[in-house]
Number of protein chains: 2
Amino acid sequence: MGYSKVDELAINTIRLLAVDATFKANSGHPGAPMGMAPVAHVLFNKFMTFNPKNPDWINRDRFVLSNGHGCMLQYALLHLFGYGVSLDDLKNFRHIDSITPGHPEAHDTPGVEVTTGPLGQGFANAVGLAVAQAHTAGTFNKPGFDLITNYTYCFFGDGCAMEGIASEAASAAGHLQLGNLIMVYDDNHISIDGDTKCAFTEDVMKRFEAYGWHTQHVEKGDTDLEGIEAAIKKAKEVTDKPSVIKLTTTIGFGSKLQGTGGVHGNPLKADDIKSVKEKFGFDPEKTFVVPQEVTDMYHKHAAEGAAAEQEWNQLFEKYGKEHKAEHDDLVRRLTGALPEGWQTKLPTYKPTDPAIASRKLSESVLEAIHEAVPELMSGSADLTGSNNTIWKNAVDFQPPSTGIGNWSGRYMRYGVREHAMAGMMNGMSAYGTIIPAGGTFLNFVSYAAGSVRLSSLSHQRVIYIATHDSIGLGEDGPTHQPIETLAHFRALPNMMVWRPADGNETSAAYYVMLTSRQTPSIIALTRQNLPQLEGSTIEKAIKGGYVNLEDKEAQITLVSTGSEVSICLEAVKYLKDNHSIKARVASMPCVEVFDTQDQEYRLSVIPDGIPAMSVEVMSTLGWEKYSHEQFGLNRFGASGAYKDVYKKFEFTPEGISKRAVKTIDFYKDVKPLRSPLNRAFQQLI
Amino acid sequence: MGYSKVDELAINTIRLLAVDATFKANSGHPGAPMGMAPVAHVLFNKFMTFNPKNPDWINRDRFVLSNGHGCMLQYALLHLFGYGVSLDDLKNFRHIDSITPGHPEAHDTPGVEVTTGPLGQGFANAVGLAVAQAHTAGTFNKPGFDLITNYTYCFFGDGCAMEGIASEAASAAGHLQLGNLIMVYDDNHISIDGDTKCAFTEDVMKRFEAYGWHTQHVEKGDTDLEGIEAAIKKAKEVTDKPSVIKLTTTIGFGSKLQGTGGVHGNPLKADDIKSVKEKFGFDPEKTFVVPQEVTDMYHKHAAEGAAAEQEWNQLFEKYGKEHKAEHDDLVRRLTGALPEGWQTKLPTYKPTDPAIASRKLSESVLEAIHEAVPELMSGSADLTGSNNTIWKNAVDFQPPSTGIGNWSGRYMRYGVREHAMAGMMNGMSAYGTIIPAGGTFLNFVSYAAGSVRLSSLSHQRVIYIATHDSIGLGEDGPTHQPIETLAHFRALPNMMVWRPADGNETSAAYYVMLTSRQTPSIIALTRQNLPQLEGSTIEKAIKGGYVNLEDKEAQITLVSTGSEVSICLEAVKYLKDNHSIKARVASMPCVEVFDTQDQEYRLSVIPDGIPAMSVEVMSTLGWEKYSHEQFGLNRFGASGAYKDVYKKFEFTPEGISKRAVKTIDFYKDVKPLRSPLNRAFQQLI
Ligand SMILES: [Ca+2]
Ligand SMILES: [Ca+2]
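Residues numbered from 1 in each chain as written. Chains lettered and ligands numbered in written order. Predicted model: local features only at pLDDT ≥ 70, side-chain atom pairs only at ≥ 80, totals over all residues. Heavy atoms only, no water.

**Looking at the overall build of chain A**
Spelled out, the test is: A helix here means a DSSP run of H or I that spans at least four residues, while a strand means a run of E at least two residues long, and both kinds are numbered starting from the N terminus. For this measure, only C-alpha atoms enter the radius of gyration; the expected value for a globule follows 2.2 Å times N^0.38, where N is the number of residues. Per-residue accessibility, obtained with a 1.4 Å probe over protein chains only, is compared with the maximum for each type, and a residue is labelled buried under 20%, exposed over 50%, and partly exposed between these values. Residues are treated as being in contact if the distance between any of their heavy atoms lies within 4.5 Å. Only the protein chains shown count as cover for residues, and all accessible areas are computed by the Shrake-Rupley method using a 1.4 Å probe. Neither His nor the chain ends contribute to the count of charged residues, in which Lys and Arg are positive and Asp and Glu negative. Lys charges are placed at NZ, Arg charges at CZ, Asp charges at CG and Glu charges at CD.
Secondary structure assignment for chain A yields 25 helices and 20 strands. In terms of overall dimensions, chain A is globule-like: its C-alpha atoms have a radius of gyration of 28 Å, near the 26 Å expected for 685 residues. Taken across its 685 residues, chain A has 69% of its residues classed as buried. Across chain A, the fraction of contacts at a sequence separation of at least 24, relative to all contacts at a separation of at least 6, is 77%. Carbon and sulfur atoms provide 50% of the accessible area of chain A, an area that totals close to 21,400 Å². Of the side-chain charges in chain A, 65 are positive and 80 negative, and the distance between the mean point of each set is 3 Å.

**As for the coordination of the calcium ion (ligand 1)**
A metal bound by six donors in octahedral fashion has ideal angles of 90 or 180 degrees, whereas one bound by four tetrahedral donors has an ideal angle of 109.5 degrees. All names here are of chain A. The condition that has to hold: Because water is not among the atoms used, a metal site may look incomplete, as its donors are only the N, O and S atoms within 2.8 Å, or 3.2 Å for Na, K and Ca.
At 2.3 to 2.4 Å from the calcium ion (ligand 1) lie its protein donor atoms, namely D158 (OD), N188 (OD1) and I190 (O). Spacing between the donor residues of the calcium ion (ligand 1) along the chain follows D-x29-N-x1-I. With a gap of 30 residues between them, D158 in helix α6 (residues 158-162) and N188 in the loop between β3 (181-187) and β4 (190-191) connect regions that are remote in the sequence. Across the pair, exposure class does not vary: D158 and N188 are buried alike.

**Some details on the domain arrangement of chain A**
Rules: Each domain's extent was defined by an automatic or database domain assignment.
Segmentation of chain A into domains returns domain 1 (5-306), domain 2 (342-530) and domain 3 (543-667). Each of domain 1 of chain A and domain 3 of chain A has a C-alpha centre, and the two are 52 Å apart.

**Let's talk about the relation of the copies chain A and chain B**
Formally: Copy-to-copy superposition: least squares on the C-alpha atoms, limited to residues that have pLDDT of at least 70 in both copies.
After a rotation of 180° and a shift along the axis of 0.0 Å, chain A superposes on chain B with an RMSD of 0.0 Å. Accordingly, the operation relating the two chain copies is best matched by a two-fold axis. Of all interface residues in chain A, 100% are interface residues in chain B too; the two copies therefore contact each other through one and the same surface.

**Focus: the UniProt feature "site: Important for catalytic activity" (unreviewed entry) in chain A**
We apply this condition: UniProt positions are given in the numbering used here, feature names are shortened, and annotations may be inferred rather than shown by experiment.
Those residues carrying the UniProt feature "site: Important for catalytic activity" (unreviewed entry) are H29 and H264 of chain A in this numbering. These residues run over 236 residues, yet every pair of their C-alpha atoms falls within 5.5 Å of each other. Looking at the element boundaries, H29 of chain A is found in the loop between α1 (5-25) and α2 (31-47). Beyond its immediate chain neighbours, meaning those up to four positions away, H29 of chain A contacts T22, H69, G70, R94, H264 and G265 of chain A together with D476 of chain B. Take H264 of chain A: its relative accessible area is 13%, and that puts it in the buried class. When near neighbours in sequence (up to four residues on either side) are disregarded, H264 of chain A contacts G28, H29, P30, G31, H69, I192 and I251 of chain A.

**Describing unusual backbone geometry**
In the segment running from K671 of chain A into P672 of chain A, the intervening peptide bond is cis, with an omega of -15°. Structurally, P672 of chain A can be placed in the segment after α25 (653-666). At N26 of chain B, a residue that is not glycine, the phi angle is positive and equals roughly 55°. In this structure N26 of chain B comes out as exposed when scored by relative accessible area, which is 63%. Of note, R94 of chain B is a non-glycine position whose phi angle comes to about 65°, a positive value. Secondary-structure assignment places R94 of chain B in the loop between α4 (87-91) and α5 (121-140). A relative accessible area of 4% means that R94 of chain B is categorised as buried.

**Considerations on α25 of chain A**
Residue and element names in this part refer to chain A. Put simply, the rule is: Every helix has an expected span of 1.5 Å times one less than the residues it contains.
Given a rise of 1.5 Å per residue, 14 residues ought to cover 20 Å, and the 20 Å separating the end C-alpha atoms of α25 matches this to within 8%. Every buried residue of α25 is accounted for by P653, G655, I656, S657, R659, A660, T663, I664 and F666. Tucked inside the fold, the buried residues of α25 contact β17 (556-560), α21 (563-579), β19 (612-615) and β20 (629-631).

**Some points on the coordination of the calcium ion (ligand 2)**
With distances of 2.3 to 2.4 Å, the protein atoms coordinating the calcium ion (ligand 2) are D158 of chain B (OD), N188 of chain B (OD1) and I190 of chain B (O). In the primary structure, the donors to the calcium ion (ligand 2) are separated according to the pattern D-x29-N-x1-I.

**Observations concerning the sheet that holds strand β10 (residues 411-413) of chain A**
Residues and elements named next belong to chain A. Cut-off, in case you're wondering: DSSP bridges decide pairing: two strands pair if at least two such bridges lie between them. Every axis corresponds to a line fitted to the C-alpha atoms, with the helix fit spanning only the stretch in contact, and the corresponding angles, defined between N-to-C directions, vary from 0 to 180 degrees.
Pairing is parallel across the open sheet formed by 6 strands, whose spatial order is β10-β9-β11-β12-β14-β13. At either end of the open sheet lies a strand with only one pairing partner, and these are β10 and β13 (496-498). Ignoring which end each strand starts from, the neighbouring axes of this sheet average 20° apart. Bridging between strand β9 (residues 376-380) and β10 involves 3 bridges; their strand directions are parallel.

**A few points about the sheet that holds strand β2 (residues 152-156) of chain A**
All names here are of chain A. With parallel pairing, the 5 strands of this open sheet are ordered in space as β1-β2-β3-β7-β6. Unpaired on one side and paired on the other, β1 (62-65) and β6 (214-218) mark the two borders of the sheet. This sheet shows a mean twist of 15° between the axes of neighbouring strands, independent of strand direction. As judged from the 5 bridges shared by β6 and strand β7 (residues 243-248), these two strands associate in the parallel manner. Note that in β7 the partner of T215 across the bridge is V244. On the sheet, helix α8 (residues 204-211) packs against β2, β3, β6 and β7 and is oriented at approximately 160° with respect to β6.

Pasting the structure below:
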């Protein structure tokens, strides 16, 4: 212990960088950085091990700023310790095309681990990072080789503490006894509406105790550096529970408005800035000041981190000699490449194979590939038996003391916590050694929408296994039957939505989902059985859309997905027998992947000259892009046996045919009749 | 107290109705009804006051089954007490077009208060019902006239307890000291993945204590009717805290598989049914048996409820003499009609009025109408100053002991709890005396997607005030800038998505949102200023879409919403000046309302013969329905000053014009060029 003037100077430097950057941007949140600068200083300089010159070193300590609006705190630290964030970058805070956006984005800024700001997300990400650490340590550490030993630290505020996702993740973390996870709760009594007493009067520490966390309270968070250090030290010593330190701070410490909502989300006024700089002994005329002794102190710590990485690299080299397979596996995982030949394990099907629900086909894929792809961690939000997300000999990821699993287990029991599952998976993916897949009903992926969006924005290879994908789930009824869900996630950039029609398409989906390193996926799977189609192969389906049934004389293209493809194939027969109409069928398991094919190929699937009609048993929104007319369900479903429900809404060969006839008639006079794939201009993507 | 054989018989009757109905449906959840029949019997028969012949009586006690998968428990009770649910309805459980769907739906079944099943929703609804009761009592009760005195009871299971929405709502309920709210936690140690010890090992009661709840534990929930009664009685006596009773039960009590996951979500096997009927002293050969003495007992209680309503009606009549204004106001509220003439308060604007952000225009509406529409309760998820959801002299809805509001206050401080806010608003709306409006950023309405969906499915008049509606929010960046959000909610049936372009359109939006009794709304509002448009009026905008700028010689229709309408109007000038092209502008503040206009009107807005191009600064998904070409943003946004961000993505007069020129050229040879509103067949709605 022992803190000197330089520590104080460093803390005030951080505070003033946040003050200057928000003032220059005329936008942003100075309050949290000013309040949390002391704990950030102690944590980064006394506890965390990292090498700013290699932000990807696998055994670095992780830091997550869940109250991401306070990102100037993080940007200031990254600059001061020597990451690739310059003083100019700080000056460009919140300016267009800068690497210092208004909330931390992992893919923009070196040293930012996860993308935060939407409240509660960072909290769940941190739990996921801690799960990943425990699992990776459990898998790779060997006697004499404590390879993976990092901690995950997370700051969060009242906003995160109120969000349901953080409650879910905290409960999960307590159950999982994540001793490698240390959080700091910024107890500043202020949220946007003012004093937290207007809405948030619970006993937060008691709640965390109820979850099974170790809790502490540092009362003088603005000044008590020794107390902060002691609390973090104590938290590290508790290895069988996650720790939370309630740190009572003054938001906007030093400002004339300190302790009020006035410093939360607005830059300080000029006269206030002058006053706070004087109070801290800085020249009030200068901006973005970094005293040399602060730089020296932080660069010294950074150098220690670089040395630690050096030492680790030597340990890892030695590890490679004694545990070559594990060494090579870890090296490979860190590149993001899958093991060679893994894809040969993917099941293929013939039309004579039995009809199987696609949730079971997905299970068969997991069963077939789980040994070949050891970084795949599956799981479910308490719907294992319904989502079919587990393989036969899977071991639970559980604290060994529970007697029902261990740290190297690859099956996650997320509980009924869809949002936390998604947020944790984002953290698990960000760690770098795991591909997480998690199951729930498609309808309840919506509960996780906040995190799903961040999977996409932050380029995480996360797989959402979403079963019971339509009115085809039957009796559970409208409360459980997705209508809007696929339109929602198709509208989300950098998200693949897969809805396979049979076994080969399911295997194709897994091929693309697992090999797309920067893109998450949702795979929508049926409860009901689906026949194996004559026209499907993995090779065709990995294009996202393909001709499942060709007819060069066709008068219409039926464009369909998932469970409706086989009904369209029946409709082709019905049209021929009853209307002497020839039709062809395009199966479109993933429109986002189809969109990336060249135009010539795409026009071979949905050609000019004949109308196309889409058939999907949910909202038609968006299908206009791939068809002239749309047959779907723009209302809620119904509770009943699935065949009765399909019949009620006319998703039958007759119902499809009736509309196909009208479509052909409606377009017979339009010249030229272009494929909807022809556009006047390129979309911004 | 004092329980006899008839009580036991009644309990077993409920259990066996659930057993028979799930067996007949070959689907459903017998476990929870069998475990919770004892507490349901005690609660309904000893405590709850209701009149099955008038399920709408305002002062009835409310019951919410948050673990809605156990709905056969509720359907059995409704039948036995004499609601409009027949034995045949029970036999049609989970059959198509029955009034006994797979999860409880308020609009299908008399006596079901709210639509539940998606876990955690009923919990939040119950908190909302209790808020509504406290507010309605605070508004209408007078000395000598305890008009509104009902309790809200709610059952929930482990699944609900794990969901974030329930955590949020529980924290809010504790803060609000809702003494009129009594919950029963079905502690049966089983969820779908099996024993809760695999994922859920927290101390639930300690957590609720941390929230400020009164907690109790009844250990023998299968048999201890006296204990259950004493606990509910005690809970009623605690008037300054919500109460939760942890009831340890045996899931599937009586089955051979009792206490296991085997009875959670699957009907009992035939031999098990035989055995359980014998165990309970029922004839194993008979199904759907209701002993006469059970009917007699329950009908006696129902008659007492009818008498209580009678007595209440007399009290209310007397109240009408002493408090005529309040009496008439309550009578009116219960019809769902707004006060006569309220709409004359809606602000109107001229083009010479200053440019104002639509979030501020929304605030002006609230300011103008809040006295005329006393049932409107506004609020925000801790973004009051950003959402502009409060009027000047608004009083907080708060427990008086906090010193910052009272029970008749009409402004809700939801905290950073978007999902609970939405679920609570569904309950508040369901109560019957309130129109709730709640604010957050549009991007974070997604956090509430689970509840928003149920607003639509259950026809609640709930208003989501969603500010910061696009990249126009600027500096906060991609984590906060909606892209997929409007597509998501436009795909949701029975949801109106409004995005007004100026003041008149904002007033129009409120007119339609407040007068649509069966449909919820999301109103998307800007952070940036918008000019008042020459072509807008309330009368035009309430049609959902209209011609804002006409030109009979136009070569293209620009179809736009919100902040992009005024840029389109500038593009019209740019096209004329730079390309000698004439263009017209259709403003489409609400496509769902536009869809309900007759075809002739709609074709006058988006006519045949010239191409239409949509302009909206987010996902283009769905705009194909109203335009030939779409200009939007199918990628994430950027952090920066909003004008820089608009420029980056070319949402400028030049950027729009460039694409309009290409669109005109692209369609010049197509004959006939039909409006996209012409369709080959009707959609299912
Ligand atoms: Ca705070
Ligand atoms: Ca349970």
